[in-house]
Amino acid sequence: MDDIRSCTCIAPVNIAVVKYWGKRDEHLILPVNSSVSVTLGLNELHAKTSVAASSKFTDDRLWLNGKEQSVGNPRVQNVLKEVRQKTGLTGMGDGAEVKVHICSENNFPTAAGLASSAAGYACLVYTLANLYKVNGELSLIARQGSGSACRSIYGGFVLWEMGERPDGMDSVARQIAPADHWPDLRILILVVSDQKKQVGSTEGMQTTVMTSELMQHRIKMVPKHTQDIIKAIQDRDFPTFAKITMQESNQFHAVCLDTYPPIFYLTDTSRQIIQLVHAYNQVHGEAKVAYTFDAGPNACLYLMEKDVSPFLALVQHNFPCNSKAPDQPFIRGLPVTPASLSQSELGQYPFFNSEGAVQYIIHTQIGSGPCVLQDEEDSLLDAAGLPKHLAP
């Protein structure tokens, strides 16, 4: 079909170190507090989206991870509406309305607490913006798909400002520092579960805001955490960065427990990882590793490049890979130089011996923002604007 135009992009995952949890406006997705995040490496964790537009298409259609989904999702509709309004584009030369076919997939588990919606909506907005030639603040549009998606519009370290205006025009994301600002900072994702979480983030936030008394205390604490962690990032002050990151994670999950009925995102394995991190830091007399957990059991650990090998040796000692698992790499992503710890060193730490409790580990670094893929082979859609691959 000669009148089909298409574009394919990838967008990164971001993991908040100052948490976003709770909205003051559900429709516009305006948060009750500002948040700060770290954008992860595109190669290891990304959403990929292809969009084809044509006046010959009869309907907007959407495929996610190989399966067709309803395009009537209000958040998808919000994004499409915003992009179309900004372009004023209604046709492709003949006045007919342009419809879009959207195909998206993640190279990591969806809905498991690894910020899949952030990457997905950021990718959708970035792809539509490139296809429709949209200028302006894309984080405003991405926010209306998924709040945290506005932070995935940028690489490096990102602040999402809560804003004050009721129309949300000042609730935008901005970059604190680029990806190369802290070149030796590394991230380990310990995947405890790749299953969909029992309580979705949207539902969980609503219940927390309505029922948690502790939430009001948290809202008062966040501005100082935000100010202090931005300074720590700018100064590359890892001990301060680590302390605030862990305190924020703990406070977020405390608020979830204070929700009525309580929300449990952490598992026994999650808590064992927390215990191991604190033990490691105590043995070394300083913060060497920092953990944070979003709305799920999977750990995101920040540490310096020189500490990756010894800490991974400790993780593998406590959480060895499942000997019955398929022949897949236990450690994925950036290469790691193997290290071993002596028995005397291991004796300083708790020992869980939880085989298979950690399914696999992703090793990555600070990443850049979304980008366009120029090669037509990268497209998820064929020449007719239909998915090249569908799930069985």
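Keep in mind that what you see is a predicted model, and the values were worked out from it rather than measured.

Conventions used here
- Residues numbered from 1 in each chain as written.
- Predicted model: local features only at pLDDT ≥ 70, side-chain atom pairs only at ≥ 80, totals over all residues.
- Heavy atoms only, no water.
- Salt bridge = Lys/Arg side-chain N within 4 Å of Asp/Glu carboxyl O.
- Buried < 20%, exposed > 50% of the residue type's maximum accessible area, 1.4 Å probe, protein only.
- Helix = DSSP H or I, 4+ residues; strand = E, 2+ residues; numbered from the N terminus.
- Contact = heavy atoms within 4.5 Å.
- Core = buried A, V, L, I, M, F, W, Y, C linked by side-chain atoms within 4.5 Å.
- Phe/Tyr/Trp six-rings, centres within 6.5 Å; stacked < 30°, edge-to-face > 60°.
- Lys NZ or Arg CZ within 6 Å of the ring centre and 35° of its normal.
- Axes fitted to C-alpha atoms, helices over the stretch in contact; angles between N-to-C directions.
- Parallel < 35°, antiparallel > 145°, perpendicular 65-115°, else oblique.
- Left-handed = near helix turned anticlockwise from the far one by under 90°.
- Nonpolar A, V, L, I, M, F, W, Y, C, P; charged D, E, K, R; others polar.
- Pairing = 2+ DSSP bridges.
- Polar contact = N/O pair within 3.5 Å; in protein donor to acceptor, adjacent residues only side chain to side chain.
- Expected span 1.5 Å × (residues − 1).

Participant: Mind showing me how you'd approach the pattern of salt bridges here?
Facilitator: If charged atoms from side chains of opposite charge come close, those side chains can pair. If you walk through the whole model with that rule in mind, you get 16 salt bridges. Here Asp167 makes a salt bridge to Arg165, at a shortest N to O gap of 2.6 Å. Note on Asp167: relative accessible area 34%, which makes it partly exposed. Using a relative accessible area of 42% as the deciding quantity, one classes Arg165 as partly exposed. Salt bridges linked by common partners bring Glu286, Lys288, Lys306 and Asp307 together as one network.

Participant: Would you mind going over helix H4 (residues 201–211) with me for this structure?
Facilitator: Since there are 3.6 residues in each turn of an α-helix, residues three or four apart along the chain are aligned in direction. Burial in H4 covers these residues: Gly204, Met205, Thr207 and Thr208. Where H4 is buried, its residues meet strand E3 (23–25), helix H5 (214–235) and helix H6 (238–258).

Participant: Looking at this structure, how should I read the nonpolar core?
Facilitator: Nonpolar side chains in soluble globular proteins tend to be buried together. Core analysis: the biggest nonpolar cluster contains 97 residues, and Phe241, Ile273, Leu301, Tyr302 and Phe311 have the highest contact counts within it. Among the elements that make up this core, the one with the highest residue count is helix H2 (residues 116–132) (eleven residues). Contacts of Phe241, omitting those with residues within four sequence positions, involve Val17, Val38, Trp182, Ile229, Ala232, Ile233 and Tyr302.

Participant: How should the packing of aromatic side chains be read in this particular structure?
Facilitator: What describes a pair of aromatic rings is the distance from one ring centre to the other and the angle between the planes of the rings. In this structure the tally under the stated criterion is twelve aromatic pairs. Ring centres of Phe157 and Trp182 lie 6.2 Å apart, and the angle between their planes is 40°; this geometry places the pair in the tilted category. In this pair, Phe157 is assigned in strand E10 (residues 157–160) and Trp182 in the loop between strand E11 (173–177) and strand E12 (185–191), connecting sequence segments 25 residues apart. A single burial state applies to Phe157 and to Trp182, both of which are buried. By the ring-pair criterion, three or more aromatic residues cluster together here, those being Phe157, Trp182, Phe238, Phe241 and Tyr302. Across from the ring centre of Tyr360, 3.8 Å away, lies the NZ or CZ of Arg332, which sits over that ring.

Participant: Just to check I follow, could you spell out the packing of H5 against H6 for this structure?
Facilitator: In helix packing, the relevant descriptors are the interaxial angle and the interaxial distance, both defined with respect to the helix axes. One way to put it is that H5 packs onto H6 with a least axis distance of 10 Å and a crossing angle of 160°. Classified by the angle their axes make, H5 and H6 are roughly antiparallel. The chirality of how H5 crosses H6 is left-handed. Counted together, Leu214, Met215, Arg218, Met221, Val222, His225, Asp228, Ile229, Ala232 and Ile233 of H5 and Thr240, Phe241, Ile244, Thr245, Gln247, Glu248, Gln251, Ala254, Val255 and Asp258 of H6 form the full contact between these two elements. Looking at the contact of H5 with H6 residue by residue, the class counts come to eleven nonpolar, five polar and four charged.

Participant: Just to check I follow, could you spell out the sheet that holds E11 for this structure?
Facilitator: Within a sheet, each strand pairs with its neighbour through backbone hydrogen bonds, oriented either parallel or antiparallel. Taken in spatial order, the four strands line up as E2-E5-E10-E11 in an open sheet, and their pairing is antiparallel. The open sheet terminates on both sides in strands that have one partner only, identified here as strand E2 (14–18) and E11. Neighbour-to-neighbour, the strand axes of this sheet turn through a mean angle of 35°, independent of strand direction. The strands that H6 touches are E2 and strand E5 (35–39); relative to E2, the one it contacts most, it runs at about 95°.

Participant: Just to check I follow, could you spell out the sheet that holds strand E6 (residues 46–54) for this structure?
Facilitator: Across the sheet, which stays open at both edges, the six strands sit in the order E8-E7-E9-E6-E1-E17 with mixed pairing between neighbours. The sheet is open, and its two edges are formed by strand E8 (67–69) and strand E17 (371–372), each paired on a single side. Bridging between strand E7 (residues 61–64) and E8 involves three bridges; their strand directions are antiparallel. By the bridge assignment for E8, Leu62 is matched with Gln69.

Participant: Would you explain the side chain of Thr259 in this entry?
Facilitator: Following the sequence through the fold, Thr259 ends up in the loop between H6 and helix H7 (268–284). Overall, the relative accessible area of 2% leaves Thr259 in the buried class. A polar contact of 2.7 Å, which involves the side chain of Thr259, links it to the side chain of Thr208. Ignoring sequence-local partners within four residues, the contact set of Thr259 consists of Thr207, Thr208, Thr211 and Ser212.

Participant: When you look at H7 in this model, what are you seeing that I'm missing?
Facilitator: Between its first and last C-alpha atoms H7 spans 25 Å; for 17 residues at 1.5 Å apiece the expected length is 24 Å, and the two agree. Restricting attention to buried positions, one finds in H7 the residues Thr269, Ser270, Gln272, Ile273, Ile274, Leu276, Val277, Ala279, Tyr280 and Asn281. In this structure, the buried side of H7 is in contact with E12, H6, strand E13 (289–293), strand E14 (299–304) and helix H8 (305–318). A positive phi of about 75° marks Gly285, the residue just after H7.

Participant: What am I meant to see in the environment of Phe238 here?
Facilitator: As for its placement among the helices and strands, Phe238 is situated in helix H6. Note on Phe238: relative accessible area 6%, which makes it buried. Spatially, the C-alpha atoms of Phe238 and Leu303 are 8.2 Å apart, while their sequence positions differ by 65 residues. Not counting chain neighbours up to four residues away, the residues in contact with Phe238 comprise Trp182, Leu185, Ala287, Lys288, Val289, Ala290, Tyr302, Leu303 and Met304.

Participant: When you look at the packing of H7 against H8 in this model, what are you seeing that I'm missing?
Facilitator: Between H7 and H8, whose axes approach to 12 Å, the crossing angle comes to 135°. Comparing their axes, H8 and H7 come out oblique. For the pair H7 and H8, the sense of crossing is right-handed. Contacts from Leu276, Val277 and Tyr280 of H7 reach H8 at Asp307, Pro310, Phe311, Leu314, Val315 and Asn318. Tallied by class, residues from the contact of H7 with H8 come to seven nonpolar, one polar and one charged.

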